[in-house]
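So you can see what is in the structure, the chains are spelled out below.
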Amino acid sequence: MSDTQDSRTPGRAASVHGWLQPVPVAARFVLQGGPGALAAAAAALGLADPDAAGRTAGDDAVTILWLGPDERLLLSWREHAPALGARLAAALAAHAHSLVDITQRQVALRLTAPFAADLLNCGCPLDLDPASFPVGGGTRTLFNKTDIVLWRRGTEDFHIEVWRSFSDYLQRWLAESAQDFTRPAG
Amino acid sequence: MGRLPRAEAAVPGPKAFVDFQHDVMLKDLDLAMREGFRSIEHIKRYTTTGMATDQGKTSNLNALHHAARELGKPVPAVGLTTFRMPYTPVTFASFAGQARGEIFDPVRRTPMHGWAVRQGAVFEDVGMWKRARYFPRAGDDMHAAVARECRAVREGCGVFDASTLGKIVVAGPGATAFMDRLYVNDWSKLAVGRCKYGVLLRDDGFVYDDGVVARLAPDRFHVTTTTGGAARVLAMMEDYRQTEWTDLDVWLTSTTEQWAVIAVQGPRARELLAPLVDGLDISAAALPHMAVVHGTLRGIPMMLFRVSFTGELGFEVNVPSDRGAEALEAIWAAGASQGLTPYGTETMHVLRAEKGFIIIGQDTDGTVTPDDVGLAWAIGKSKPDFVGKRALARPSMRSPDRKQLVGLLTRDPRVVLEEGAQLVDVPGQSPPMKLIGHVTSSYASATLGRSIALAVVAGGRARIGQTLYVPMPGGEIPVEVCAPVFYDPKGARLNV
């Protein structure tokens, strides 16, 4: 990241705050295919496919996010891309599918704060009321001019995936907007 | 109200504007009342006075007073119209919110941006991306820097950050059929590990995008797009995939930012790269022009493409984005003492123009067919269909008078034409002249020691050898029409 960021950016400053932290993700894949392929991949990971819009499934090794009827985002927390990719490819051999390593395409930020949902709503039009976007919900959405994938890990705890070259923009926006929530009143 | 006296009827008076936003004049209000409208709400709707975004704040009282006088009523009896939002003025700052300065628009930087900064790059905006345009050394202006960079690539070796090119993985059992239906090319015979230059049309038959496509597996293609076309090509592909060709099991994934891409180009590119690729055989026999192979570069996983947008022996090193800077440093450490020269987009533009390689959006403008820009060879002749095929069969699309890509050589080799300049075939005309085409690309070529230009000219290929003229404020510039490949027309330098 050191080469992609200007040390003077508010984005850099934001990550110094406790509420926004970079998250290491060992591997990421986009898996696309029919229900058989999606179920086979989930089974190989010891999980059930989250076969419902905006839902996720996962454990401490892998998280599966439903991105579309035939599309899942797989986040691996420990196993790296070559080994996980080979394991999934073997499980998917009998199914028409597309499995693409996008580990480096995007980066992850974790936003943890009492004001997290309100801060996200400074740039994201999604209804983040827990009744509409509950803990465990995940979806592709927008933050102003960038695509993000948003996954609610807790009421005040969000995991954000963003394409790497848009990360600086996202962090600058969050840092700027956060002043409304972190600045002392008066 | 402040109505000025004006001559009645006999001579037309000055224009008396009431509503400055909607250009409503006193005579419009008069006409409304002559037509029988009496209610101020009807007068408003007939004339649109007070209906602009200021909701009449700059106009309504003028209109009311005029209507009251003409209707012979006191102003309060005429009444006000219904106010709608915005009731109070809204500043532009409120609309802009935080979208200003650094966060007005995303600024995208490649993984090797910092390296380019340290090399003294001058950057240019390409879409949202910052791309290194040229690398001046002490005392260099852009012309001197570009000439030096061009010579380095033609005579030795240059290195270029090509990471911004769009990349899309097209995968699934239906991948070949999908590519055959979408691109003009025939993909069925492309072997695994080989590449082909792909041309994508819209359904109106006009060139939309281009790029090298590699077959990574029988059911998997690595498609590259132009930097600016990455998002719209993916959107077009998804549109066809989801709505037109639901019979195909094929899926699309953007990998633009998965890979950092380092182009190493020039006659010495192979000898420079060979010691770095951990024993991989990159000889001409093992890795010919338009081939791709997997390997490692100093231990970094790599997809190595033997491709060239310069006309020289060339490679594009693809490594995972987080290791792009490390890979470039390794190449730089090995090559800097050997004359390896960083080059930017400006040099890339000159080198490709010397070879007659088009740039989408510069040499094309959404109205050129593959044949217009000399790419008819790319069309798979035996394919039953592809996007744009039917449009290409229409008579106007096959006319020999269409504007075609040609080269231009100015009679005075020092004169560099203006891009966008118009062309005429009959000198000495007064405006309006009969314009037959325009210059699309124009550069001083250090390689050729003279200026070169690409242009689209009506019936251009039949005019090769003719003299045309570029009318400019300082006089007409005579140019000779030539084939659009100025350097190494047989491609001997590519296949080494």
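Residues numbered from 1 in each chain as written. Chains lettered and ligands numbered in written order. Predicted model: local features only at pLDDT ≥ 70, side-chain atom pairs only at ≥ 80, totals over all residues.

### Thoughts on the pairing of strand β10 (residues 251–254) of chain B
Residues and elements named next belong to chain B.
Turning to step 1, where the next piece is worked out: Residue alternation in β10 divides its side chains into two sets, W251 and T253 and L252 and S254, and both sets are buried.
Turning to step 2, where the next piece is worked out: Summarising the sheet, strand β6 (residues 166–171) and β10 pair through four bridges and their orientation is antiparallel. Bridge pairing in β10 links A171 to W251. (Buried ≥ 20, exposed ≤ 12 C-beta atoms within 10 Å, placed from the backbone. Helix = DSSP H or I, 4+ residues; strand = E, 2+ residues; numbered from the N terminus. Pairing = 2+ DSSP bridges.)

### Re the domain arrangement of chain A
Residue and element names in this part refer to chain A.
Turning to step 1, where the next piece is worked out: Parsing chain A into structural domains produces domain 1 (8–23 + 105–186) and domain 2 (26–102).
Turning to step 2, where the next piece is worked out: Here domain 1 and domain 2 have C-alpha centroids that lie 25 Å from each other.
Turning to step 3, where the next piece is worked out: The interface of domain 1 with domain 2 comprises nine residues on the first partner and nine residues on the second.
Turning to step 4, where the next piece is worked out: Looking at the side of domain 1 that touches domain 2, the elements with two or more residues in it are β8 (138–143) and β9 (146–154).
Turning to step 5, where the next piece is worked out: Residues belonging to the side of domain 1 that touches domain 2 are distributed by class as follows: two nonpolar, five polar and two charged. (Domains from an automatic or database assignment. Contact = placed C-beta atoms within 7 Å. Nonpolar A, V, L, I, M, F, W, Y, C, P; charged D, E, K, R; others polar.)

### Remarks on the nonpolar core
Considering soluble globular proteins, one finds that nonpolar side chains tend to be buried as a cluster.
Turning to step 1, where the next piece is worked out: Membership of the largest hydrophobic core comes to 157 residues, with the highest contact counts inside it found for F29(A), A41(A), V170(B), I262(B), V264(B), V317(B) and A455(B).
Turning to step 2, where the next piece is worked out: For A41(A), the residues in contact, after removing those within four places along its chain, are L31(A), L88(A), A91(A) and L92(A).
Turning to step 3, where the next piece is worked out: Counting ten residues, the second largest nonpolar core, distinct from the first, contains A63(B), L64(B), A67(B) and V78(B). (Core = buried A, V, L, I, M, F, W, Y, C linked by C-beta atoms within 7 Å.)

### Points about the sheet that holds strand β16 (residues 403–410) of chain B
Residues and elements named next belong to chain B.
Turning to step 1, where the next piece is worked out: With respect to topology, six strands assemble into an open sheet ordered β17-β18-β19-β16-β21-β20, the strand pairing being antiparallel. Strands with a single pairing partner mark the edges of an open sheet, and in this sheet they are β17 (422–423) and β20 (467–472).
Turning to step 2, where the next piece is worked out: When β16 meets strand β21 (residues 475–482), the two strands line up antiparallel, connected through four bridges. By the bridge assignment for β21, G407 is matched with C482.

### Comments concerning the sheet that holds strand β14 (residues 314–320) of chain B
All names here are of chain B.
Turning to step 1, where the next piece is worked out: Strand order across the open sheet formed by six strands is β12-β13-β14-β11-β5-β15, with mixed pairing between neighbours. Unpaired on one side and paired on the other, β12 (291–297) and β15 (341–342) mark the two borders of the sheet.
Turning to step 2, where the next piece is worked out: Note: β12 against strand β13 (residues 300–306), seven bridges, orientation antiparallel. Bridge assignment links L297 to a residue of β13, and that residue is I300.
Turning to step 3, where the next piece is worked out: Strand contacts of helix α7 (residues 142–155): β5 (158–161), β11 (259–265) and β15, with the helix running at about 115° to β5, the strand carrying the most contacts. (Axes fitted to C-alpha atoms, helices over the stretch in contact; angles between N-to-C directions.)

### Here's the deal with the interface of chain A and chain B
Turning to step 1, where the next piece is worked out: Contacts between chain A and chain B engage 26 residues on the former and 27 residues on the latter.
Turning to step 2, where the next piece is worked out: Those elements that provide at least two residues to the side of chain A that touches chain B are β2 (27–33), β6 (97–101) and α5 (167–182) of chain A.
Turning to step 3, where the next piece is worked out: Of all the elements, α5(A) adds the most residues to the side of chain A that touches chain B, at six residues.
Turning to step 4, where the next piece is worked out: Here the side of chain A that touches chain B is composed, by residue class, of eight nonpolar, ten polar and eight charged.

### Observations regarding the environment of A483(B)
Residue and element names in this part refer to chain B.
Turning to step 1, where the next piece is worked out: Residue position: A483 is located in the segment after β21.
Turning to step 2, where the next piece is worked out: Judged by C-beta crowding, with 13 C-beta atoms within 10 Å, A483 ranks as partly exposed.
Turning to step 3, where the next piece is worked out: Counting along the chain gives 77 residues from A483 to V406, while the straight-line C-alpha distance between them is 5.4 Å.
Turning to step 4, where the next piece is worked out: When near neighbours in sequence (up to four residues on either side) are disregarded, A483 contacts G407 and I464.

### Things to note about α5(A)
Residue and element names in this part refer to chain A.
Turning to step 1, where the next piece is worked out: In this model α5 runs 21 Å from its N-terminal to its C-terminal C-alpha over 16 residues, within 8% of the 22 Å that 1.5 Å per residue would give.
Turning to step 2, where the next piece is worked out: With twelve of its 16 residues buried, α5 lies for the most part within the structure.
Turning to step 3, where the next piece is worked out: Taken residue by residue, α5 has S167, D168, Y169, L170, Q171, R172, W173, L174, A175, E176, S177 and A178 as its buried positions. (Expected span 1.5 Å × (residues − 1).)

### Things to note about the packing of α7(B) against helix α12 (residues 345–354) of chain B
Residue and element names in this part refer to chain B.
Turning to step 1, where the next piece is worked out: Closest axis-to-axis distance for the α7/α12 pair is 9 Å, and the angle between their directions is 60°. By the criterion of interaxial angle, the relationship of α7 to α12 is oblique. In the packing of α7 onto α12, the handedness of the crossing is right-handed. Contacts between α7 and α12 pair M142, V146, E149, C150 and V153 from the former with E346, T347, V350 and L351 from the latter. (Parallel < 35°, antiparallel > 145°, perpendicular 65-115°, else oblique. Left-handed = near helix turned anticlockwise from the far one by under 90°.)

### Overview of helix α1 (residues 26–34) of chain B
Residues and elements named next belong to chain B.
Turning to step 1, where the next piece is worked out: Those residues of α1 not exposed but buried are D28, L29 and A32. Relative to the axis of α1, the buried residues are bounded by an arc of 100° and lie together on one face.
Turning to step 2, where the next piece is worked out: Looking at the packing, one finds that the buried side of α1 touches β1 (17–19), β2 (24–25), α2 (40–47) and α3 (60–71).
Turning to step 3, where the next piece is worked out: Phi for G36, located one or two positions after α1, is positive at around 105°. (Arc of directions from axis to C-beta.)

### Re the confidence of the model for chain A
Turning to step 1, where the next piece is worked out: When the pLDDT values of chain A are averaged, the result is 91; 90% of them are 70 or greater.
Turning to step 2, where the next piece is worked out: In this model residues 1–14 of chain A is a low-confidence stretch, pLDDT under 50, and it forms 30 contacts with partners more than four residues away in sequence or in other chains. (pLDDT = per-residue confidence, 0-100.)

### Structural notes on unusual backbone geometry
Residues and elements named next belong to chain B.
Turning to step 1, where the next piece is worked out: The peptide bond linking P431 to P432 adopts the cis configuration, its omega dihedral lying at 0°.
Turning to step 2, where the next piece is worked out: Summarising the element assignment, P432 is placed in the loop between β17 and β18 (437–445).
Turning to step 3, where the next piece is worked out: A positive phi angle, near 55°, is found at D278, a position not held by glycine.
Turning to step 4, where the next piece is worked out: With respect to the helices and strands, D278 occurs in the loop between α10 (269–273) and β12.
Turning to step 5, where the next piece is worked out: Note on D278: 12 C-beta atoms within 10 Å, which makes it exposed.

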